[in-house]
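Observations on the model geometry
Listed here are the chains, written in short residue letters.
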Amino acid sequence: MRGRGLVHDARMTTMDPARLQADLAPLRARLVAHPIYGSLRTIEDVRSFQEHHVYAVWDFMSLLKSLQRALTCIEVPWRPAGDPVARRLINEIVVAEESDDDGRGGYVSHFDLYLASMRESGASTQAISETLALLERGGSVESALAAAPRAARAFSRTTFDIVRSGSVPAIAATFTLGREDVIPDMFRQLVRDLHASSGPRLPSLVDYLERHVALDGERHGPMAARMLASLCGDDAGAWSAASAAASASIRARIALWDGIHDIVSRPR
């Protein structure tokens, strides 16, 4: 697999999600214990966080759609394809992410929910809107990411490097271990600290975070682990690609948190 920081050793012995999680535990612990969670003390801090984090909400969909394309049939004429567990996971998450129940008798994407939470807090949506507008005009991902804050740009570049690699084990590992597995623990920390500082003023953001803690922790995370095990099987090369990508994605998240923490920690 090629891309920034994604070189892997094809001689790696076969493993499983539990062993891979154990190998990633030190990185994961750094992420979950990051000082960013206790540093969002003002509404301005929350706005800075959201203006960066929205890119992780957005680029998650490209991971999801890459897996949907690889593991299900989205072509006409339709043909049966893929493992049924993987199909169920991907299709279920697509439904939730693109058209979740909005609680008012309608449906909304989680990305649009996050944009609503940004408007509620007063965070600027200018950068992400410009990124999407550049893509609509036919621009490349790289050129569209020029509109993003620096730390968010680096994070999403890692995501799209993994997507462009075309390695389904790598994409699945990023999706599973770089997102679904770590999101509940990360977001619990954020919810706790937001409740202590700005929770009453930010109900949409808190609701968004709590929704993902429940969905990813109770259902999507375990199903994604099963999907990863099914995809990699006894293929040592697949597990090696999965390990390299998962490590790269967690390191990218730590770097994103570092960048936001540096901003909110500056004297004002």
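Residues numbered from 1 in each chain as written. Predicted model: local features only at pLDDT ≥ 70, side-chain atom pairs only at ≥ 80, totals over all residues. Heavy atoms only, no water.

With that settled, the discussion passes to the confidence of the model for the protein. Looking at the protein as a whole, its pLDDT mean stands at 88, while 92% of the residues score no less than 70. Taken together, the stretch residues 1-12 has pLDDT below 50 and engages in 33 contacts with residues farther than four places along the chain or on a different chain. (pLDDT = per-residue confidence, 0-100. Contact = heavy atoms within 4.5 Å.)

Another aspect to go through is the pattern of salt bridges. Any two side chains of opposite charge can pair, given that their charged atoms come close. Tallied over the entire structure, the rule returns 10 salt bridges. Two residues, Asp59 and Arg179, come together in a salt bridge whose shortest N-O distance is 2.7 Å. Of this pair, Asp59 sits in helix α2 (residues 43-71) while Arg179 sits in helix α8 (residues 168-180), and the two are 120 residues apart along the sequence. Residue class for Asp59 comes out buried when judged on its relative accessible area of 0%. Arg188 serves as the salt-bridge partner of Asp185, at 2.8 Å between the closest nitrogen and oxygen. You can see Asp185 and its partner Arg188 sitting in helix α9 (residues 183-197), three residues apart, about one turn around the helix. (Salt bridge = Lys/Arg side-chain N within 4 Å of Asp/Glu carboxyl O. Helix = DSSP H or I, 4+ residues; strand = E, 2+ residues; numbered from the N terminus. Buried < 20%, exposed > 50% of the residue type's maximum accessible area, 1.4 Å probe, protein only.)

This part takes up the environment of Phe49. Mapped onto the elements, Phe49 comes out in helix α2. In this structure Phe49 comes out as buried when scored by relative accessible area, which is 3%. Taking the C-alpha atoms as reference points, Phe49 and Ser249, separated by 200 residues in sequence, lie 18 Å from one another. Leave out the neighbours within four places in its chain, and Phe49 touches Leu40, Tyr114, Leu190, Trp257 and Ile260.

The subject of this paragraph is the packing of aromatic side chains. All told, the structure shown has seven aromatic pairs when counted by the stated rule. With 5.4 Å between their ring centres and 45° between their planes, Phe49 and Trp257 make a pair best called tilted. Here Trp257 lies in helix α11 (residues 236-264) and Phe49 lies in helix α2, a separation of 208 residues in the sequence. Across the pair, Trp257 and Phe49 agree in class, each one buried. Cluster of aromatic residues (ring-pair linked, three or more members): Tyr37, Phe49 and Trp257. Above the face of the Trp257 ring, Arg253 is positioned so that its terminal group lies 5.2 Å from the ring centre. (Phe/Tyr/Trp six-rings, centres within 6.5 Å; stacked < 30°, edge-to-face > 60°. Lys NZ or Arg CZ within 6 Å of the ring centre and 35° of its normal.)

Next up on the list: the packing of α2 against helix α5 (residues 126-136). At a minimum axis separation of 9 Å, α2 and α5 run at an interaxial angle of 35°. Across from Val54, Tyr55 and Trp58 in α2, the residues of α5 making contact are Ala127, Ile128, Thr131, Leu132 and Leu135. (Axes fitted to C-alpha atoms, helices over the stretch in contact; angles between N-to-C directions.)

What follows covers helix α1 (residues 17-32). Here α1 contains 16 residues, and its C-alpha end-to-end distance of 19 Å is more than 12% below the 22 Å for a straight helix at 1.5 Å per residue. The largest bend in α1 comes to about 55°, at Ala25, with the proline Pro26 one to four residues further on. Residues Pro17, Leu20, Leu24, Leu27, Leu31 and Val32 constitute the buried set of α1. (Expected span 1.5 Å × (residues − 1). Bend = angle between axes of the 7 residues up to and from the residue.)

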